[in-house]
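Descriptive analysis of the structure
Now for the letters of each chain:
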Amino acid sequence: MEIGNKIKELRMLKGLTQEELADRAELSKGFISQVERDLTSPSIATLIDILQCLGTDLKTFFNDSADEQVVFHKTDYFEKEDKELGNRIEWIIPNAQKNMMEPILLSLEAGGATYPDNPHEGEEFGYVLSGQISIVIGGKAYKAQKGESFYFEPKYKHYIESKKGAQILWVSAPPSF
């Protein structure tokens, strides 16, 4: 197995020269150079020492798990429509409820609203993509229109409504939808 390039990448990410890594691992600069060019292989004990100096361990270094999905397409979205409230929610990052933030695309029909949400810990952020909305927090309404954003800590009962319809990018942490 060729490990040299991976060690070199880690070393460079840490901002270390070959000489600095060699000093920390009590090895020669020439040995580090040979390892990075896959001209020699370190013993397991030496590899463990090198990896410790680079802030990692064997398990992490050799973890070949597939990268998590970073880009999501319309076909990945999960959608829920609520005719009674006149809204549609699209989870634009599938399974986001396991993350610290949960971004959704909220479409409000004319006269549509979101469910009233009780006070909770966290943060809520939104960007109005189209239309006009009222963000109602603890009985006080705040207006926002296309191109404007909003942010609040959900310490009070809150919801969003639109008289003429709107589309909002909404991010909440922790997830509450």
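What you see is a predicted model; the values in this text were computed from it and never measured.

Attention shifts here to the packing of helix H2 (residues 18–25) against helix H3 (residues 29–36). The contact between H2 and H3 brings their axes to 8 Å, and the two run at 110°. Classified by the angle their axes make, H2 and H3 are roughly perpendicular. Both H2 and H3 take part in a crossing whose hand is right-handed. On the side of H2, the interface is formed by Gln18, Glu19, Leu21 and Ala22, while H3 contributes Lys29, Ile32, Ser33 and Glu36. For the contact of H2 with H3, the residue count by class is three nonpolar, two polar and three charged.

Moving on: the pairing of strand S7 (residues 158–161). Of the two faces of S7, only one is covered, namely that formed by His158 and Ile160; the face formed by Tyr159 and Glu161 stays uncovered. Of the pairings in the sheet, the one linking strand S4 (residues 123–137) to S7 comprises four bridges and is antiparallel in character. In the sheet register, Val136 faces S7, and the bridge partner there is Tyr159.

A separate point is the pairing of strand S3 (residues 102–108). The buried fraction of S3 amounts to seven of the seven residues, a majority that puts the element mostly inside the structure. Covered by surrounding structure in S3 are Glu102, Ile104, Leu106 and Leu108 together with Pro103, Leu105 and Ser107, the residues of both alternating faces. One ladder, built from five bridges, connects strand S2 (residues 87–91) with S3; its direction is antiparallel. Bridge pairing in S3 links Trp91 to Ile104. Judged from the seven bridges that link them, S3 and strand S8 (residues 166–173) form a sheet pairing that is antiparallel. Its bridge partner being in S8, Leu106 is matched across the sheet by Ile168.

Cut-offs used in this document
- Residues numbered from 1 in each chain as written.
- Predicted model: local features only at pLDDT ≥ 70, side-chain atom pairs only at ≥ 80, totals over all residues.
- Heavy atoms only, no water.
- Axes fitted to C-alpha atoms, helices over the stretch in contact; angles between N-to-C directions.
- Helix = DSSP H or I, 4+ residues; strand = E, 2+ residues; numbered from the N terminus.
- Parallel < 35°, antiparallel > 145°, perpendicular 65-115°, else oblique.
- Left-handed = near helix turned anticlockwise from the far one by under 90°.
- Contact = heavy atoms within 4.5 Å.
- Nonpolar A, V, L, I, M, F, W, Y, C, P; charged D, E, K, R; others polar.
- Buried < 20%, exposed > 50% of the residue type's maximum accessible area, 1.4 Å probe, protein only.
- Pairing = 2+ DSSP bridges.

Honestly, that's just the spatial picture; any functional story needs more than this.
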